[in-house]
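What follows is each chain in one-letter form.
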Amino acid sequence: MSDIPDASRSKLTSSLDNIAKLMKEPAEKEKIIIEELRTVKDECDKSIANKVFAGSLGAYSMLIDVLESFNSVNEVASEALSTVTALMSGNPDLLDKRGREIIINYLDNQKNVDIQKKVLEWAKVCCIKHEQNRQDLFGMKILIRLKTLLHSDTAPVIVRQVCGVARALVLDDDIRVQFGKSHDHARDIALEILCTLTDLLKKFKGDKETVSDVILTLTALIVRNEFCQMVDEAGGIIFIMDVFVNCPDSEKLNRLCLNLVKGLAGNDDVKARIVKQGIAPLIISAMHRHESSARLVGAGCAAIAALSLRNPVNSKALCAAGAPDVILQGMKIHAEDSSVQKQGSWAVRNLVSHDKTLCQSFMKLGAEDILRTAVKVHSLNCDFDAKAALRDLGCDIE
């Protein structure tokens, strides 16, 4: 911890000592505690080293004490929640049974929106890169609390925070654990809140930030065929098409919708219905509009690849809408981006693999040269993918 500046070391030591003393005094002390909590938070926000140093001074236990003692004093509780979140962001090992119980207790009893928001933020940082925390919070039935928070008059900020916790619970990012429970968590969460989330898309359709969070969460949860069906039956596809039409200039929203389309296309029946409802020209238009965004072009190619996989009817509809042009144009613009080359190669391959009459439209647009360039430039990342596309186009390959 030698890399901690002396000023930070001094401030953390002094503030934590002061909080410990104040907790033992019966006199009015809320304002002073809030000031000391802010100092600790500000120092923890500066670096991981500061967080670890604060933890070594007993900051976590002290903050839990404050949260227990001041659970009915919103100003202090709010600042303590911000501080414990700052302490544990990127440093989630500190969470223990007392902390988990406070998270659940606050979610059960707090009606203040700011407090609810901050408890959910704390829960989320505890789950990132920490499989055991995810499993422990799941075991304490945090899902029931998340579902309860998604009632009809929920504030948009709470919807976004609930979505953030749900996504954190289905991560598989803890390298210390060989097998996590991300799939099990996604299944259980989807069964409880998938339809509610899809309905909330319509309720918050004018709120791009909330819609983005809900779409991200739906994409993370549709891990089984029946979940894709549930989103479709709840009107999810119609909503996605409305986004393409009504929010054409939002690169982020269009990209997130393309990712969701790719996920929904994992169900063969849903995949057929998506294209039947007329989404093909909307996808092509979104890719043309945002052709300068490598992430969106990659997402569009991935969606086209998923929709056309083993489905020549969809392939024909996508090609009629202009898929060859937009895929190859995207690959030319982002020739240095290996992800775009890989996704573009798969889109080409899936479109033509079951209908060779579609090959000519790609060949006329110079697909062979573009794919051969991808093989040369990105041999490590998409050699197989580009060669598979060349093979299915009828080109000679080694």
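Reading the values: rules and limits
Residues numbered from 1 in each chain as written. Predicted model: local features only at pLDDT ≥ 70, side-chain atom pairs only at ≥ 80, totals over all residues. Heavy atoms only, no water. Helix = DSSP H or I, 4+ residues; strand = E, 2+ residues; numbered from the N terminus. Buried < 20%, exposed > 50% of the residue type's maximum accessible area, 1.4 Å probe, protein only. Contact = heavy atoms within 4.5 Å. Areas by Shrake-Rupley, 256 points an atom, 1.4 Å probe, with all protein chains shown as cover. Lys, Arg positive; Asp, Glu negative; His and termini not counted. Charge placed at Lys NZ, Arg CZ, Asp CG, Glu CD. Salt bridge = Lys/Arg side-chain N within 4 Å of Asp/Glu carboxyl O. Phe/Tyr/Trp six-rings, centres within 6.5 Å; stacked < 30°, edge-to-face > 60°. Lys NZ or Arg CZ within 6 Å of the ring centre and 35° of its normal. Axes fitted to C-alpha atoms, helices over the stretch in contact; angles between N-to-C directions. Left-handed = near helix turned anticlockwise from the far one by under 90°. Nonpolar A, V, L, I, M, F, W, Y, C, P; charged D, E, K, R; others polar. Expected span 1.5 Å × (residues − 1). Core = buried A, V, L, I, M, F, W, Y, C linked by side-chain atoms within 4.5 Å.

What follows deals with the overall build of the protein chain. Scanning the protein chain from N- to C-terminus turns up 24 helices and zero strands. Considering only C-alpha atoms, the protein chain reaches an extent of 85 × 50 × 40 Å along its principal axes. Every one of the 398 residues in the protein chain was classed for burial, and the buried ones make up 52%. In the protein chain, of all internal contacts separated by at least 6 residues, the share reaching a separation of at least 24 is 74%. Summed over all atoms, the accessible surface of the protein chain reaches about 17,700 Å², with 51% contributed by carbon and sulfur. Positive and negative charge centroids in the protein chain, built from 51 and 54 side chains respectively, lie 3 Å apart.

Once their charged atoms are close, side chains differing in charge can pair, the charge on each being opposite to the other. On inspection of all chains with the given rule, the structure shows 32 salt bridges. Across the pair E79 and R38 runs a salt bridge, and its minimum N-O distance is 3.2 Å. Highlighted residues: E79 in helix α5 (residues 74-88) and R38 in helix α2 (residues 30-44), separated in sequence by 41 residues. Under the relative-accessibility criterion, R38 is labelled partly exposed at 43%. Taking the shortest distance from any N to any O, the salt bridge between R391 and D392 comes out at 3.0 Å.

On to the packing of aromatic side chains, then. What the rule picks out here adds up to one aromatic pair. A ring pair is formed by W346 and F384, whose centres lie 6.4 Å apart and whose planes are at 50°; its orientation type is tilted. In this pair, W346 sits in helix α21 (residues 338-352) while F384 sits in helix α24 (residues 379-393), placing the two residues 38 residues apart along the sequence. The residue whose ring lies beneath R9 is F53, and the NZ or CZ to ring-centre distance is 4.9 Å.

According to the relative accessible area criterion, F384 is exposed, its value standing at 55%. Along the backbone, F384 and S345 are 39 residues apart, and their C-alpha atoms lie at a distance of 9.4 Å.

Our next topic: the packing of helix α1 (residues 6-23) against helix α4 (residues 59-69). The geometry of α1 relative to α4 is characterised by a closest axis approach of 11 Å and an angle of 35° between their N-to-C directions. At the point where α1 passes α4, the crossing takes the left-handed sense. When α1 is examined against α4, the residues L16, I19, A20 and M23 are found in contact with a partner set consisting of A59, M62, D65, V66 and S69. Its residues assigned to classes, the contact of α1 with α4 shows seven nonpolar, one polar and one charged.

Okay, α2 next. The terminal C-alpha atoms of α2, which comprises 15 residues, lie 21 Å apart, in line with the 21 Å expected from a rise of 1.5 Å per residue. Every buried residue of α2 is listed here: I33, I34, E36, L37, V40, E43 and C44. Buried residues along α2 sit in contact with α1, α3 (48-56), α4 and α5.

Turning to the nonpolar core, a few remarks are in order. Of all hydrophobic cores here, the largest spans 137 residues; its most connected members are W122, I142, L264, I304, I327 and F362. Discounting residues that sit within four places of it in the chain, I142 has contacts with I103, I104, L107, A123, L137, V165 and L169.

Here the focus is unusual backbone geometry. The phi torsion at K129 lies on the positive side, around 60°, for a residue other than glycine. You can see K129 is positioned in the loop between α7 (113-127) and α8 (131-139).

Turning next to the environment of A123. Mapped onto the elements, A123 comes out in helix α7. For the pair A123 and N133, spaced ten residues apart in sequence, the C-alpha to C-alpha distance is 9.1 Å. When near neighbours in sequence (up to four residues on either side) are disregarded, A123 contacts I103, L137, I142 and V165.

Along the chain, S182 falls in helix α11 (residues 182-203). In this view, S182 contacts V170, L171 and D172; residues no more than four positions away in its chain are not counted.

Distances and angles like these do not, on their own, reveal function.
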